[in-house]
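# Structure assessment
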Amino acid sequence: MNGIRIGRRAAIGLGAALASPAVHAQGAWPNRPIRIVVPFPPGGSNDVVARPLAERLQQRLGQPVVIENRAGAGGAIGATAVSQAPADGYTLMVSSSSFATTSVSQRVPWGVLENFTPIALLARSPFIVIVNNDLPAHSVQDLIRLAREQPGKIDYGTSGPGGINHFVTEYFALRAGVRMNHVPYRGTGPAVTDLVAGHIQLMITTLPSAAGVVRDGRVRLLAYSAAGIPDGSPPAPLVSASGLDYDIAIWWGLFAPHGLPAPILEKLNAEANAALRDPDLARLYQGEGARPSPETPDAFAAMLRTDIARWREVAQSANIRLD
């Protein structure tokens with residue numbers, strides 16, 4: 001043994017330490033491929049945010065970073081799989097605001113902050129408030145006035161019950177003190193089509209999902225829901241400029257199972273934030289109407305606590321349950 005003698009108890013302790021996943025991960029991570037689960041189908045906004053990030057993390061970490069799409073149940077299936085994976089830095093997840101809304105509208109076997117480690121806020125994008133051109137509303141104030149004069153008469157469309165635009169529209173109604181009628185569709189596209197045709201009067205959605213009809217003037221853009229409007233977007237005021245306490249954006253973030261060792265968390269946050277400073281990545285995100293939004297893990301977690309409390313209030317007030 002090259003003249004080295006180790007006592008039996010010390011040898012056992014050393015062996016246990018070397019076998020410990022946390023010690024191994026902290027000392028050598030990463031030494032094999034990393035998987036990023038996207039709990040939605042390929043081609044959606046989560047995919048668009050995750051794939052260029054994975055490419056840059058692969059370059060920076062020196063290990064393959066692969067995307068795995070595990071869609072279903074509004075993102076709950078993929079999130080459940082990630083929540084049950086080892087917290088070793090080799091299984092991550094990119095998800096969006098719908099991660100928080102799913103947690104308050106469905107019966108799921110996990111909590112966002114109880115079973116996941118928030119690593120990095122990746123991007124944010126404001127929603128847009130758009131109305132049919134025949135609706136006599138040319139401002140947010142006009143829209144609120146009409147909704148108060150005709151309770152339950154304004155029909156708003158969404159991509160489906162419990163989706164993020166269902167939540168943001170009910171949040172608008174809650175803050176404005178109005179009541180409107182929800183018309184769910186199977187996807188945003190059919191809802192936009194019916195908005196143009198006048199079958200519904202209102203949508204609060206993302207800019208990319210309605211960019212064509214906004215650009216062509218087939219619907220009227222009243223406002224953006226939050227600051228951070230991407231360069232080149234059509235001009236419009238913020239909803240908050242109308243005096244309404246309403247400031248909300250869709251976000252995308254990077255997560256790991258709960259219990260991720262601090263050194264790995266810190267390294268992943270630093271590398272993700274470095275990737276977000278890449279101008280080419282910013283241009284890719286702009287296609288989703290989004291801007292890179294680097295934050296510390298603590299700041300991201302604080303934002304999530306606020307988000308979850310807000311959506312829990314909306315789910316209760318609008319009786320949004322998908323169980």
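Predicted, not measured: the structure shown is a model, and the values here were computed from it.

## Observations concerning the overall build of the chain
- Helix and strand counts for the chain stand at twelve helices and ten strands.
- Principal axes of the C-alpha set define a box for the chain whose edges measure 90 × 40 × 30 Å.
- Scored against the burial criterion, the 323 residues of the chain give a buried share of 51%.
- A separation of at least 24 residues holds for 78% of the contacts in the chain among residues at least 6 apart in sequence.
- Roughly 14,400 Å² of accessible area belongs to the chain as shown, and the carbon and sulfur atoms make up 51% of that amount.

## Brief notes about the environment of V192
- Relative to the helices and strands, V192 is located in helix α8 (residues 188-197).
- Take V192: its relative accessible area is 7%, and that puts it in the buried class.
- Sequence spacing of V192 and G157 is 35 residues, and the spatial spacing of their C-alpha atoms is 7.8 Å.
- When sequence neighbours within four positions are dropped, the list of residues in contact with V192 reads M203, S209, A210 and V213.

## As for the side chain of Q106
- Mapped onto the fold, Q106 is located in the loop between α5 (98-105) and β4 (116-132).
- Under the relative-accessibility criterion, Q106 is labelled buried at 16%.
- Within the structure, the side chain of Q106 is placed 3.2 Å from the backbone oxygen of A73, a separation counted as a polar contact.

## Some points on the nonpolar core
- Among the nonpolar cores identified, the biggest contains 85 residues, and L143, F172 and W311 are the most heavily contacted of them.
- With nine residues, β4 is the single largest residue contributor to this core.
- Counting residues in each nonpolar core, the second largest holds 15 residues, with I128, I130, L195 and A210 among its members.

## Details of helix α7 (residues 164-176)
- For α7, which comprises 13 residues, the first-to-last C-alpha distance of 18 Å matches the rise-based estimate of 18 Å (1.5 Å per residue) to within 8%.
- Burial analysis of α7 places eleven of its 13 residues in the buried class, the great majority of the element.
- Following α7 by one or two positions, G177 has its phi on the positive side, about 70°.

## Quick notes on the packing of aromatic side chains
- Within this structure, the stated rule accounts for twelve aromatic pairs.
- Judged by centre distance (4.9 Å) and plane angle (75°), the rings of F99 and F255 are edge-to-face. Separated by 156 residues along the polypeptide, F99 in helix α5 and F255 in strand β9 (residues 249-257) bring together distant segments of the chain. Of the two residues examined, F99 and F255, each falls in the buried class.
- Stacked on the ring of Y90, the Lys or Arg R32 has its end atom at 3.7 Å from the ring centre.
- The ring centre of W311 lies 5.5 Å from the NZ or CZ of R310, which sits over that ring.

## As for unusual backbone geometry
- The step from W29 to P30 runs through a cis peptide bond, and the omega angle for that step is -10°.
- Relative to the elements of secondary structure, P30 occurs in the loop between α2 (21-28) and β1 (34-38).
- One non-glycine residue with positive phi stands out, namely A73, at about 55°.
- Looking at A73, the relative accessible area reads 42%, which means it is partly exposed.
- Unlike most non-glycine residues, N319 shows phi in positive territory, near 55°.
- By secondary structure assignment, the location of N319 is in the segment after α12 (297-318).

## A few points about the packing of α5 against α12
- Where α5 contacts α12, the axes come no closer than 9 Å and their chain directions differ by 45°. As the angle between them shows, α5 and α12 are arranged oblique. With respect to the hand of their crossing, α5 and α12 are arranged in right-handed fashion. Where α5 abuts α12, its residues A100, T101 and V104 lie against D307, I308, W311, R312 and A315.
- Grouping the constituent residues of the contact of α5 with α12 by class yields five nonpolar, one polar and two charged.

Cut-off values and rules
Residues numbered from 1 in each chain as written. Predicted model: local features only at pLDDT ≥ 70, side-chain atom pairs only at ≥ 80, totals over all residues. Heavy atoms only, no water. Helix = DSSP H or I, 4+ residues; strand = E, 2+ residues; numbered from the N terminus. Buried < 20%, exposed > 50% of the residue type's maximum accessible area, 1.4 Å probe, protein only. Contact = heavy atoms within 4.5 Å. Areas by Shrake-Rupley, 256 points an atom, 1.4 Å probe, with all protein chains shown as cover. Polar contact = N/O pair within 3.5 Å; in protein donor to acceptor, adjacent residues only side chain to side chain. Core = buried A, V, L, I, M, F, W, Y, C linked by side-chain atoms within 4.5 Å. Expected span 1.5 Å × (residues − 1). Phe/Tyr/Trp six-rings, centres within 6.5 Å; stacked < 30°, edge-to-face > 60°. Lys NZ or Arg CZ within 6 Å of the ring centre and 35° of its normal. Axes fitted to C-alpha atoms, helices over the stretch in contact; angles between N-to-C directions. Parallel < 35°, antiparallel > 145°, perpendicular 65-115°, else oblique. Left-handed = near helix turned anticlockwise from the far one by under 90°. Nonpolar A, V, L, I, M, F, W, Y, C, P; charged D, E, K, R; others polar.

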